[in-house]
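Working through the structure, step by step
Listed below are the residues making up each chain.
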Amino acid sequence: MGRNSVNKLKNLSANPRSALPRRKLLVTALSFGVAFAGTAFAQSTTGNIFGQVPAASGETIVVKNASGVTREVAVGADGRYVVSNLSSGTYTVSLMRDGQVVNSRENVTIRVGSGTDVSFADAGSAKSLSAITVNANSLPSIDVSAVDSRTVITAEQLAKLPLARTAEAVALLAPGANQGSGYFTGPLGNSLVSFGGSSVTENAYYINGFNTTDPLSGFGGITLPYGAIDQEEVLTGGYDAAYGRSDGGVINMLGKRGTNEWHFGGQIQWTPNFAKSSQRNIYYPQNTSPSAGKMYQYRKNNKDWTTQVNAYAGGPLIKDKLFLFVAAEASRTEGQATTSNQSPFTYKRRYDDPKSYVKLDWNINDSNILEYTNVSNKRSYAASIYDFDYDTLSTGDFNSYDTSFKTAAKDNIFKYTGYITDDLTISALYGKQKITYYENTPGYDPTYPNINHPERQNPAITGGNVIVSPNAILTFNNPAHRSTNANFRFDVSYRLGDHTLSAGIDNQDTHDIDDGTSTSGPGYAWEYDKINPNDPISDQAGNAVDAPGNYPGGETGYYVAQYIYNTAASVRVKQKAQYIQDNWQVNDRVLVKIGLRNDQFTNYNPDSVPFLRLSNGQLAPRLGFSWDVMGDSTFKVYGNAGRYFLAMPASVALRAAGGSLFTRTYYTYTGIDANGIPTGLTPINTDRGPGQPISANNEYGQQPDPHSVAARNIGSEYQDEFVLGFDKQLNDSWTYGAKALVRKLRRGLDDICDPDTILNVAAAQGIDTSTITNVNGCYLSNPGRTNVYALPNTSGGYYNVAVTAKDFGMADFKRNYYSMNLYLEHPFDGKWQGRVDYVYSKSYGNSEGQVRSDIGQTDVSATVDWDYGVFSDYANGLLANDHTHQLKAYGSYQVNPELLLGAVMRVSSGAPKSCLGYYGPYGTNPTGYGAYYHFCDGKPSRPGDAGRNPWTKTLDLNAEYRPAFADHKLAFNVYVFNVFNEQERTQTYPRYGKAGKVLDSYGRAVTTETPRYVRFGVSYDF
């Protein structure tokens, strides 16, 4: 099972604005097309303004932001102009004629990575040269310079909408974005998002252009304090060659900056216990198991409360030159949670989540800008564990302390931008991220082993009660664990006629240091289980385990395994990329974007020897177009096609290339002592001998040969994507559009764990298998393709053995996604704004991607899916992140200057359910893994055949009151989440077992919707 599979499966139980250099430019006007194609670098932190005016002599365009910084460009003879590489913020755009203001647009917001059309069609009537000022609300909302799929949410919108204060909650506003499985969280406890059918580890995170994606496994990333977000850009497809290392989505956060005016503010947010609805209890489903209908988990008292304090300050240290913005938030959550009857305890817990943000902007001179960003995220946890009695539903005495942890991440980012000439701009970024992962268990006593799955103990011995150990910790992580991630980018842009050419490099170097997990106690745990007494525990050749009924104490099928797990390593990943992009304005209305990206990925083992080189044939072409149909930014048709490669994160090395130890030794037993330890042990015979440890993946502590860890012809996971859509103004107040998206995962990367087949193929190719010195338990491979494995031989060389998918008995690898997005939007007009998105989609195939949601498998690219060919039998179906129908609506309404209302509504069809049982009509277990095959009650069962989870329908509301007596600087707000307190099941336990022996938990709820809760807030800005 994918190196870590067995272990993981077992454990499933009003804001300061940007500063710009003071530089006045008089440039020869470019064509309208170049205006469209203004450059926005890489993981963009800038945007563009372009437009058209009635041509006249002596015309210029002046843009000015809140810092008083001004840029001026000449209007061409054809009336076209462009001002590119503008930092995000709010601008006044003025049309000047002979040095006087003829017309202007105020409150023009630059959105990251986007172009804004600011045209002055009425300028010709201003013959008196008297100033005419128009609010930017009437500007076109369609960006005809974009060919990608993006959603940009500004700080103003964040302040008006009822959202959880996380980057992921903001990202869920994007069409096609879904909440990831509750099994998965980020390095700092954040929930995760699936974009366009991809798994939750296939996304990329950025802050001010720096990659902050989780370096270990790709689970989320480091984010800004919520109050420091100036804009959050969510890219869900079609992004150009400057972006890479993602085939899901990109969350690009842009932090706030200081301006020429000092601003200060603070806020307190409080989510009290009394304003939370109780969670509904979870019960075993009404199936044929003995526990049918009984309570599985008592959740009525599972409540907590959160207090969050935020503060910010921003302004000039030197006017027009040096600007500072700082923000901090401190959040504490306290409460309790009761675990299931399988391990009945009440945890009284506390989380602390402080974050901070510092931004310095130095306009060295007219042509050079230097930026510094510091971001800090921390999360700590501590809990006391108390016994819980399911007969009386009451919390008992103190039992022990839970393992506490403190994860601390700090990013330091430097960025230089140089306007070398009017046409040539360069940018260089260097950042370094450091994360520490500290764990400690107060009062931890290593004397006793942990007891795993005590609910599976023989009731004839226990009397039906579970007997647990004083040691509640199964495994612990190395407290010295830390990681570093360095990111260097260099980008250059040059405008040449109708072309804007850009190119750059994007390099990352990640170190995972002293990473490792070990079994607690004396170095092993006891794991209880049950099977039909006459069935072998494992049928796996070479690792077969006899039936327990043949030994004393196993007559009713009960047995126990001594479980040992240990990984310890320091590993490294290097990722390099080069790209080139041409934004070509074919004519006044048609823009074509042509790009090419080249990625190289190298993963190193603990001895710093490469074991995975992914560098050949990784050219990723990107092609997009935008057609401004009417020539006035009111109707756009666009499309793009692109290829996206995905690297392997650092954690892959821990099991694939490290010296991991992962064994079970099987016994029957006749007694259990007061600490849950089995007595009267009798060793069960195995292929390796009685009492000998068994490792399903040949993990006995030896470090694999780095030259034979992966298939020699292995390639990166990559995806092809195709987008076609249109945006159109319905009238001056409304915009609507449609977009079709198709994604095909052309190649996957996972492990295959079938050494017997590899040896058989080697023999069939004429190789004397007795001269093969070692065969790994698992190999990193491209499932569904022919893989060439290097097998070491006695002469000191290697045999190259080509094994086809047919040899393994595997199906072709497949993950396909298609969707149609329809939307209607009313941009903010000073009174209200709103948007409605409907997405019809389908995600299907035989692999979700790097992880697996239905069984909560977190092993990146080491899932159970491809370990053996039998797991791909009947695996083709609806994937875990499939939601056929999604309806999202959000907006805000300014009732009057004092009262603001906001709402977010989400309606979604449920995710598909799976039924996983033993193999075939007779319920065999050919791999020894248990109920993980696509059979249910002896019949084939594809993903989705078991039905779907219920639809979910949530409505979140907020109201804010800014009294006039405080000059609207004081605000009181209230947020109500899940107004109707819907608590539908969102994920279901999929393991069925076999006919006549259905597992107790099959079909029960794993996760449900968060109950209704209310958040109160008070803020003051001055």
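Please read these numbers as outputs of a predicted model, since none were measured by experiment.

What follows deals with the overall build of the protein. Along the protein, the regular secondary structure elements total eight helices and 61 strands. For the protein, the C-alpha radius of gyration of 30 Å lies close to 31 Å, the compact-globule estimate for 1022 residues. For the C-alpha atoms alone, the extent of the protein along its principal axes is close to 105 × 70 × 45 Å. Buried positions account for 61% of the 1022 residues belonging to the protein. Total accessible area on the protein stands at roughly 36300 Å², and carbon and sulfur atoms take up 54% of it. Counting 90 positive and 95 negative side-chain charges, the protein places the averaged centre of each group 3 Å from the other.

Applying the stated rule across the entire model yields two disulfides. Covalent S-S linkage joins Cys753 and Cys778, the inter-sulfur distance amounting to 2.0 Å. Every disulfide takes its handedness from the sign of the S-S torsion; for Cys753 and Cys778 that torsion is 110°, giving right-handed. One end of the pair, Cys753, is in the loop between strand 43 (750–752) and helix 7 (755–764); the other, Cys778, is in the loop between helix 7 and strand 44 (779–781), with 25 residues separating them in the sequence. Like Cys778, Cys753 is buried. The disulfide partner of Cys915 is Cys936, and the S-S distance across this bridge is 2.0 Å. On the S-S bond that ties Cys915 to Cys936, the torsion sits near 70°, and the link is right-handed. In this pair, Cys915 is assigned in the loop between strand 51 (899–908) and strand 52 (916–917) and Cys936 in strand 53 (residues 935–936), connecting sequence segments 21 residues apart. In terms of burial, Cys915 and Cys936 fall into one category: buried. Each disulfide of the protein joins two cysteines, and with those cysteines numbered along the sequence the arrangement is 1-2, 3-4.

Its location among the elements puts Asn310 in strand 19 (residues 304–318). With residues near it in sequence (within four places) discarded, Asn310 still touches Arg165, Gly265, Gly266, Gln267, Gln269, Ala328 and Glu329.

What follows deals with the sheet that holds strand 4 (residues 80–87). If you walk across this open sheet you meet the three strands as 4-1-7, and the pairing is mixed. With partners counted over all chains shown, the strands left at the sheet margins are strand 4 and strand 7 (115–117), one partner each. Each adjacent strand pair in this sheet contributes to an overall mean axis angle of 20°, direction not counted. As judged from the three bridges shared by strand 1 (residues 46–52) and strand 7, these two strands associate in the parallel manner. Each bridged residue has a counterpart across the sheet, and for Ile49 the counterpart in strand 7 is Thr116.

We now examine the packing of aromatic side chains. Overall, the coordinates contain 43 aromatic pairs when judged by the stated rule. Relative to Phe219, the ring of Phe184 lies with its centre 5.7 Å away and its plane at 40°, an arrangement referred to as tilted. Here the residue Phe184 occupies a position in the loop between strand 10 (177–179) and strand 11 (193–195), and Phe219 occupies one in the loop between strand 13 (210–211) and strand 14 (229–237), the gap between them amounting to 35 residues. Judged by its relative accessible area of 2%, Phe184 is buried.

Mapped onto the elements, Ile435 comes out in strand 26 (residues 424–440). Residue classification places Ile435 among the buried residues on the basis of a relative accessible area of 3%. Each C-alpha atom, one on Ile435 and one on Pro175, is 32 Å from the other, the two residues being 260 residues apart in sequence. Once residues within four sequence positions are removed from consideration, Ile435 is found in contact with Pro215, Ile222, Thr407, Ala408, Ala409, Arg482 and Ser483.

Once that is clear, we can look at the side chain of Thr116. Structurally, Thr116 is set in strand 7. Each residue touching Thr116, except ones within four places of it in the same chain, is listed here: Asn48, Ile49, Phe50, Val108 and Thr109.

Of the pairings in the sheet, the one linking strand 19 to strand 20 (residues 322–338) comprises 14 bridges and is antiparallel in character. Paired with Gln308 across the two strands is Ser331, which belongs to strand 20. Hairpin connection from strand 19 to strand 20: three residues lie between these consecutive antiparallel strands, with Asp320 at a positive phi of about 70°. In the sheet, strand 20 pairs with strand 22 (residues 355–365) via eight bridges, with the strands oriented antiparallel. By the bridge assignment for strand 22, Glu329 is matched with Lys355. Pairing of strand 20 with strand 21 (residues 345–352), which is carried by seven bridges, proceeds in the antiparallel orientation. Residue pairing across strands places Arg332 opposite Asp352, the latter belonging to strand 21. Linkage of strand 20 to strand 21, two consecutive antiparallel strands, is achieved through a turn of six residues.

Moving on: the sheet that holds strand 12 (residues 204–207). On the basis of which strands lie adjacent, the open sheet formed by five strands has the order 9-14-15-12-13 and mixed pairing. The sheet is open, and its two borders are formed by strand 9 (149–154) and strand 13, each paired with just one other strand. Relative to strand 13, strand 12 runs antiparallel, the two being bridged by two bridges. For Ile207, the partnering residue across the bridge sits in strand 13 and is Phe210.

Let us look at the nonpolar core. Within the largest apolar cluster, 48 residues are counted, with the highest numbers of intra-cluster contacts made by Leu612, Ile714, Leu780, Tyr789 and Leu791. If you list the elements that add at least two residues to this core, you get strand 32 (558–585), strand 34 (610–614), helix 6 (652–656), helix 7, strand 44, strand 45 (787–792), strand 46 (798–803) and helix 8 (805–808). The element contributing the most residues to this core is helix 6, with four residues. In contact with Leu612, other than residues within four places in its own chain, are Phe601, Thr602, Asn603, Met648, Ala710, Ile714 and Leu780. One finds Ala167, Tyr226, Ala409 and Val904 within the second-largest nonpolar core, a separate group that totals 35 residues.

Quick look at a nonpolar patch on the surface now. Together, Trp262, Phe264, Leu317, Ile318, Tyr1020 and Phe1022 make up an exposed nonpolar region whose accessible area comes to about 570 Å². Mapping Ile318 onto the fold places it in strand 19. The exposure class of Ile318 is partly exposed, given its relative accessible area of 47%.

Pairs may arise between side chains of opposite charge once their charged atoms sit close together. Within this structure, the stated rule accounts for 39 salt bridges. Notably, a salt bridge pairs Arg245 with Asp506, separated by 3.3 Å at the nearest N-O pair. Here the residue Arg245 occupies a position in the loop between strand 14 and strand 15 (250–255), and Asp506 occupies one in strand 30 (residues 499–519), the gap between them amounting to 261 residues. Residue Asp506 is classed as buried on the basis of its relative accessible area, which comes to 2%. The shortest N-O distance in the salt bridge between Arg572 and Asp509 comes to 2.7 Å.

Within the span of helix 7, buried status applies to Thr757, Ile758, Val761 and Ala762. In a view along the axis of helix 7, the buried residues occupy a sector of 140°, so they form one face of it. Along helix 7, exposed side chains directed more than 90 degrees from the buried face belong to Asn760 and Ala764. Buried residues in helix 7 make contact with strand 44, strand 45, strand 46 and helix 8. Immediately beyond the C-terminal end of helix 7, within one or two residues, lies Gly766, with a positive phi of roughly 90°.

The rules behind these values
Residues numbered from 1 in each chain as written. Predicted model: local features only at pLDDT ≥ 70, side-chain atom pairs only at ≥ 80, totals over all residues. Heavy atoms only, no water. Helix = DSSP H or I, 4+ residues; strand = E, 2+ residues; numbered from the N terminus. Rg over C-alpha atoms; globule rule 2.2 N^0.38 Å. Buried < 20%, exposed > 50% of the residue type's maximum accessible area, 1.4 Å probe, protein only. Areas by Shrake-Rupley, 256 points an atom, 1.4 Å probe, with all protein chains shown as cover. Lys, Arg positive; Asp, Glu negative; His and termini not counted. Charge placed at Lys NZ, Arg CZ, Asp CG, Glu CD. Disulfide = S-S within 2.5 Å. Contact = heavy atoms within 4.5 Å. Pairing = 2+ DSSP bridges. Axes fitted to C-alpha atoms, helices over the stretch in contact; angles between N-to-C directions. Phe/Tyr/Trp six-rings, centres within 6.5 Å; stacked < 30°, edge-to-face > 60°. Core = buried A, V, L, I, M, F, W, Y, C linked by side-chain atoms within 4.5 Å. Patch = residues over 30% accessible without salt bridge, like charges linked within 9 Å, V, L, I, M, F, W, Y side chains within 5 Å. Salt bridge = Lys/Arg side-chain N within 4 Å of Asp/Glu carboxyl O. Arc of directions from axis to C-beta.

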